[in-house]
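# Remarks on the overall topology
Chain residues, written in single-letter form:
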Amino acid sequence: MLKKMLALLALALTLGGVTGARAADTIKVGILHSLSGTMAISETTLKDAMLMLIDEQNKKGGLLGKKLEPVVVDPASNWPLFAEKARELLSKDKVAVVFGCWTSVSRKSVLPVFEELNGLLFYPVQYEGEESSRNVIYTGAAPNQQAIPAVDYLMNDLGVQRWVLAGTDYVFPRTANKILEAYLTAKGVKKEDILINYTPFGHSDWQSIVAEIKKFGSAGKKTAVVSTLNGDANVPFYKELANQGVSAADIPVMAFSVGEEELSGIDTKPLVGHLAAWNYFMSVDTPANKAFIKKWHAYIKNNKRVTNDPMEAHYIGFNLWVKAVEKAKSTDVNKVLKAIVGLETPNLTGGMAKVLPNHHITKPVLIGEIQADGQFQVVWETPKVVPGDAWSDYLPGSKDLEADWTDPINCGNYNVKTKQCGGAAK
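Nothing here was measured: the structure is a model prediction, and the numbers come from that model.

Each helix and strand in the chain was counted, giving twelve helices and 19 strands. Here the C-alpha radius of gyration of the chain, 23 Å, is about what a compact globule of 426 residues would show, namely 22 Å. In the chain, which comprises 426 residues, the proportion classed as buried is 55%. A fraction of 66% describes how many contacts in the chain between residues 6 or more apart in sequence connect residues 24 or more apart. Total accessible area on the chain is roughly 17,800 Å²; 54% of this is exposed by carbon and sulfur atoms. On the chain, the mean spot of the 46 positive side-chain charges and the mean spot of the 45 negative ones are 6 Å from each other.

Here it is, written out as structure tokens:
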């Protein structure tokens, strides 16, 4: 009986060793995007893009001699669930890295988990700034790479004097609008020429709000809407603008969260002429972008599927992570973070994306005008890439702060006047 038990134990240990060896044969990559709920309209395609990038890397031979294994979870547009799923990816699935989140509230939800467990998150969407975590690489735009240039364009090129700041009611729109309000005030815009409005996720009844915007724009001054509306609420918003006869010529909308994916599958006629500020558009005519679109269509087996800015951000982030892992010769988060600052990789618009000490990257800024086919015609762009600034120069509590995750500062909110780290340095 004892011999039999010992034999079974030996077999179990052997099988355990085989399982462990198999597990060690792959590098797990977490994908944390909403595949259901109000944000699925934007995030599902990012999951698909990540699967394509992982598949392409595996065809090249993987990484460090191992295949990459995607681990896909669905936090379902539920902000607390993002944190649960992030913990699951890091603790249970033992992923080496996570690519994910869209809204800032989802990023804020997972941030303590990544910092506690020393995980690594690549965040691919424009956001409000006022943050720099050691455990996050921000591959989307900071406010100085989207919001500020967009307002400058409206003011200088279109002569806008009255401003509607319309946003979904959560941290990104509220903080972005706080920065924009301070910026506009510094530019001499009066308080009565700024109208701020917030609506919940998934808001659908826009009749009274659009009527208010229309009335606000009838004061004889050129008026524009700066939109930080997120998710599927954008569709009825633009429809109601058209219903009430508000055209882009009358009151242009400058959107920060409406791209090709959000426009696909809807009637874009009411949106023609309205604007969006991003760092990439599918219509950009470069060899790198053409090659990326061709690969995307071949992978997804649908030539009608579009590309968009956050997809490019994941493309950049994934390539930077691969380079950092190869440089560090390890997927260990501490070693990867040390290796990644200063690394560069081509973007899809013809420039280079470089990881800065503040864990943001360099990006061009593009203003696009919506066309009838759901694409954007670029009407303005910066002459060169813009370095991402984690802390706004226009908020009193932020203008003296810098982020630098290299020695000797090694801090996300270093006060250049007091020479002190204002937060938890790692």
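For a regular strand, the rule is simple: side chains alternate between the two faces of the sheet. With respect to burial, strand 6 (residues 162–168) is a largely interior element, seven of its seven residues being buried. Along strand 6, one buried face is formed by Arg-162, Val-164, Ala-166 and Thr-168 and the opposite face, lined by Trp-163, Leu-165 and Gly-167, is buried too.

The amide bond that connects Asp-407 to the next residue, Pro-408, takes the cis arrangement and shows omega of 5°. Considering the arrangement of structural elements, one finds Pro-408 in the loop between strand 17 (401–404) and strand 18 (411–415). Even without a glycine there, the phi angle at Glu-130 is positive, about 60°. Relative to the assigned elements, Glu-130 resides in the loop between strand 4 (121–123) and strand 5 (136–138).

Time to look at the packing of aromatic side chains. The tally for this structure, following the rule as stated, stands at 16 aromatic pairs. Between the aromatic rings of Phe-237 and Tyr-238, the centroid separation amounts to 5.4 Å while the plane-to-plane angle is 65°, which identifies the pairing as edge-to-face. Residue Phe-237 is classed as buried on the basis of its relative accessible area, which comes to 0%. Judged by its relative accessible area of 2%, Tyr-238 falls in the buried class. Each member of the aromatic cluster is reached from another via a ring pair, and the members are Trp-79, Phe-82, Tyr-170, Phe-172 and Phe-201. Positioned above the aromatic ring of Tyr-123 is the side chain of Arg-107, whose terminal nitrogen or guanidinium carbon lies 4.9 Å from the ring centre. The ring of Phe-216 carries Arg-162 above its face, with NZ or CZ at 3.9 Å from the centroid.

This brings us to the packing of helix 2 (residues 40–59) against helix 11 (residues 309–328). Across the interface, helix 2 lies against helix 11 with an axial gap of 10 Å and an inter-helix angle of 35°. Judged by the sense of rotation from one axis to the other, the crossing of helix 2 with helix 11 is right-handed. Mapping the contact onto sequence places Thr-45, Leu-46, Ala-49, Met-50, Leu-53, Ile-54 and Gln-57 in helix 2 and Pro-310, Met-311, His-314, Tyr-315, Phe-318 and Val-322 in helix 11.

Conventions and cut-offs
- Residue positions are given per chain, counted from 1 along the sequence in the order it is written.
- Whole-chain, interface and lining totals are the exception, using all residues; otherwise, since this is a predicted model, local features are given only for residues with pLDDT of at least 70 and side-chain atom pairs are given and counted only at 80 or more.
- Side-chain measures were taken over the full set of non-hydrogen atoms in the model, leaving aside hydrogen atoms and water.
- Each helix is a run of H or I in the DSSP string that is no shorter than four residues. Each strand is a run of E no shorter than two, and both are numbered from the N terminus.
- Two things to know: the radius of gyration comes from C-alpha atoms, and the globule rule equals 2.2 Å times the number of residues to the power 0.38.
- Residue exposure (1.4 Å probe, protein chains only): buried if accessible area is under 20% of the type maximum, exposed if over 50%, otherwise partly exposed.
- Residues count as neighbours in contact if any of their non-hydrogen atoms are within 4.5 Å of one another.
- Note on areas: Shrake-Rupley with a 1.4 Å probe; residue coverage comes only from the protein chains shown.
- We count Lys and Arg on the positive side and Asp and Glu on the negative side, and we leave His and both chain ends out.
- Note that the charge is assigned to NZ on lysines, CZ on arginines, CG on aspartates and CD on glutamates.
- Put simply, two rings from Phe, Tyr or Trp (the six-membered ring, in Trp's case) pair if the centres are within 6.5 Å, and we call them stacked under 30 degrees between planes, edge-to-face over 60, tilted for the rest.
- Ring-over charges, as used throughout, are those where CZ of Arg or NZ of Lys falls within 6 Å of the ring centre and within 35 degrees of the ring normal.
- Structural elements are reduced to axes, namely lines fitted to C-alpha atoms, with helices fitted over the stretch in contact, and the angle between N-to-C directions of any two is expressed from 0 to 180 degrees.
- Each crossing is labelled by how the near helix is turned from the far one, with a counterclockwise turn of less than a right angle marking it left-handed and a clockwise turn marking it right-handed.

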